[in-house]
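Examining the three-dimensional arrangement
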Amino acid sequence: MEIPDYPNISEWAVPFYIVTMLVELGIGWFTGRVRYETRDTLASLVMGGGSLLAGALTAGAIGTVSLWLYEHRLFTFGFEPWWIVLAFVLDDLRYYWVHRFGHEIRWLWAAHIVHHSSQHYNLSTALRQTWTSFFALWWVVRLPLVFLGLHPAVLAFCGGINLVYQYWIHTEAIRRFPPWFEAIMNTPSHHRVHHATNPRYLDANYAGTFIVWDRLFGTFVPEDDAEPCRYGIVKSLGTFNPLRIALHEWVGIARDATGLSLRQRLGYLIGPPGWSHDGSRKTSADLKREHLRRHPEEAGKPGRPEVA
Ligand SMILES: [Zn+2]
Ligand SMILES: [Zn+2]
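Quantities reported herein were computed from a predicted structural model and do not represent experimental measurements. Residue positions within a chain follow its written sequence, with the count starting from 1. As a convention, the first chain written is A and the first ligand written is 1, with the rest following in written order. Totals for whole chains, interfaces and linings use all residues, but because this is a predicted model, local features are given only for residues with pLDDT of at least 70 and pairs of side-chain atoms are given and counted only at 80 or more.

**Let's talk about the overall build of the protein**
Helix and strand content of the protein: 14 helices and zero strands. For this measure, only C-alpha atoms enter the radius of gyration; the expected value for a globule follows 2.2 Å times N^0.38, where N is the number of residues. Radius of gyration (C-alpha) of the protein: 20 Å, near the 19 Å computed for a compact globule of 308 residues. Once the C-alpha set of the protein is aligned to its principal axes, its extents read approximately 60 × 55 × 40 Å. Per-residue burial for the protein yields a buried fraction of 32% across its 308 residues. A run of H or I in DSSP becomes a helix once it reaches four residues, and a run of E becomes a strand once it reaches two; helices and strands are each numbered from the N terminus. Each residue is classified by how many other C-beta atoms fall within 10 Å of its C-beta atom, where C-beta atoms are placed from the backbone; a count of 20 or more means buried, 12 or fewer means exposed, and values in between mean partly exposed.

**Considering unusual backbone geometry**
The phi torsion at L137 lies on the positive side, around 60°, for a residue other than glycine. Tracing the backbone through its elements, the reader meets L137 in the loop between α6 (123–126) and α7 (143–148). Overall, the presence of 13 C-beta atoms within 10 Å leaves L137 in the partly exposed class. Positioned with a positive phi, D203 is a non-glycine residue whose angle comes to about 55°. Within the fold, D203 resides in the loop between α10 (188–194) and α11 (212–217).

**Considerations on the packing of helix α5 (residues 106–116) against helix α12 (residues 242–257)**
For the pair α5 and α12, the least separation of the axes is 7 Å and the interaxial angle reads 160°. Regarding the angle of α5 to α12, the classification is roughly antiparallel. With respect to the hand of their crossing, α5 and α12 are arranged in right-handed fashion. Only I245, A246, E249, W250 and I253 of α12 make contact with α5, whose side of the interface consists of R106, W109, A110, I113 and V114. Helix axes use the C-alpha atoms of the stretch in contact, all axes being lines fitted to C-alpha atoms, and the angles between their N-to-C directions lie in the range 0 to 180 degrees. What sets the label is the angle itself: under 35 degrees gives roughly parallel, over 145 gives roughly antiparallel, 65 to 115 gives roughly perpendicular, and the rest give oblique. For a crossing to be left-handed, the near helix must be turned anticlockwise from the far one by less than a right angle; the clockwise case is right-handed. Residue pairs are scored as contacts if the distance between their C-beta atoms, which are placed from the backbone, is within 7 Å.

**What about the nonpolar core?**
Judged by nonpolar contacts, the single largest core of 25 residues is most densely connected at M47, A111, V114 and A207. Among the elements of the structure, α3 (38–70), α4 (81–104), α5, α6 and α12 are those that each provide at least two residues to this core. Counting residues per element, this core draws most heavily on α5, which supplies six residues. Ignoring anything within four residues of it in the chain, the contact list for A111 reads T130, T132, S133, F135, A136 and W138. Nonpolar core, as used here: buried Ala, Val, Leu, Ile, Met, Phe, Trp, Tyr and Cys residues forming one set through C-beta atoms within 7 Å. Within the second largest apolar cluster, eleven residues are counted, among which are F88, A156, F157 and C158.

**Regarding the environment of A285**
Mapped onto the fold, A285 is located in helix α14 (residues 284–294). For A285, a count of 15 C-beta atoms within 10 Å corresponds to the partly exposed category.

**What to know about the environment of A59**
If you trace the backbone, A59 turns up in helix α3. A count of 15 C-beta atoms within 10 Å places A59 in the partly exposed class. Sequence-wise, A59 and F134 are 75 residues apart; in three dimensions their C-alpha atoms are separated by 9.3 Å.

**Here's the deal with α4**
An ideal rise of 1.5 Å per residue puts 34 Å on 24 residues; α4 measures up with 35 Å between its terminal C-alpha atoms. Inspection of α4 places I84, A87, F88, D91, D92, R94, Y95, Y96, V98, H99, G102 and H103 among the buried residues, and these make up the whole buried set. Summarising the contacts, the buried residues of α4 are in contact with α5, α7, α8 (152–168) and α11. In this analysis, the expected span of each helix is defined as 1.5 Å times one less than the number of residues it contains.

**Quick look at α8**
Spanning 17 residues, α8 covers 25 Å between terminal C-alpha atoms, matching the ideal 24 Å at 1.5 Å per step. Along α8, the positions that sit buried rather than exposed are P152, V154, L155, A156, F157, C158, G159 and N162.

**What about the packing of α4 against α8?**
At their nearest, the axes of α4 and α8 sit 9 Å apart, and the two run at 65° to each other. Like other packed secondary-structure pairs, α4 and α8 cross with a definite hand, here right-handed. On α8, the residues that touch I84, A87, F88, D91, D92 and Y95 of α4 are V154, L155, C158, G159, I161 and N162. Among the residues making up the contact of α4 with α8, the classes are represented as eight nonpolar, two polar and two charged. Any residue outside Ala, Val, Leu, Ile, Met, Phe, Trp, Tyr, Cys, Pro, Asp, Glu, Lys and Arg is labelled polar, Gly included; the first ten of those are nonpolar and the last four are charged.

**Here we look at the environment of H99**
Relative to the assigned elements, H99 resides in helix α4. Spatially, the C-alpha atoms of H99 and N241 are 25 Å apart, while their sequence positions differ by 142 residues.

If you want it as structure tokens, here you go:
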């Protein structure tokens, strides 16, 4: 079986990133609709470069495990285009769940928080990527697809296309697409909601390429023009230092878990972000409930929990 030599899409796309960021900057210049902050963009670019490097350093280990598992696969899918399409759809479903876990489990959030740490939402925010996904074990969730019979090279290729798809949706320059497109695809509007800290927008729109997963699993929240998105993380980071951006949540977990019982430590590791052993902090579910208590008239609307 000959394995096609797939290009590394996310590296190939670098010139496209540069040109489109310049175009977006130009749009911002003329319309005022896009905001860039030099320190913030520089930090995002350093995070993006570091993430590519971390990916290259860990690719060998992930590849070895994946290829070993592929030797023990259940079925054999080929390299024909229809299998690539199937692999892309399944891998996008895999992305939805790993991304959702990335927000619901603090161990995984420690890696993913990097992507949400900017208070801006522009194309450079897309490049603000983690350096530590290997330790957060995001790649493990792809292994069931390998075991099923999809070749690791095909899945890596599909994952690359998915990442590049997600790049262009990080913009305020585009408001809405036609309804049919917004219904099926992840778009700038849907992903703005994902990056927003407004209580009603928290923990929504985890999609990679197809927003249908959020509609299917009950996490879809549409953008409401009456409520503009406030971007970032609930407790703002207040730094542009790449090392602190990359590691602060891991350090936070280590600090929180020191001197506690095993059960309490586990709570800080696998509980939701904002969980605390003494109830002194708030999870996003707490924030949503509090918001609803203050605004009972919003009950039942998308993004608001039913019960106060
Ligand atoms: Zn996210
Ligand atoms: Zn994003």
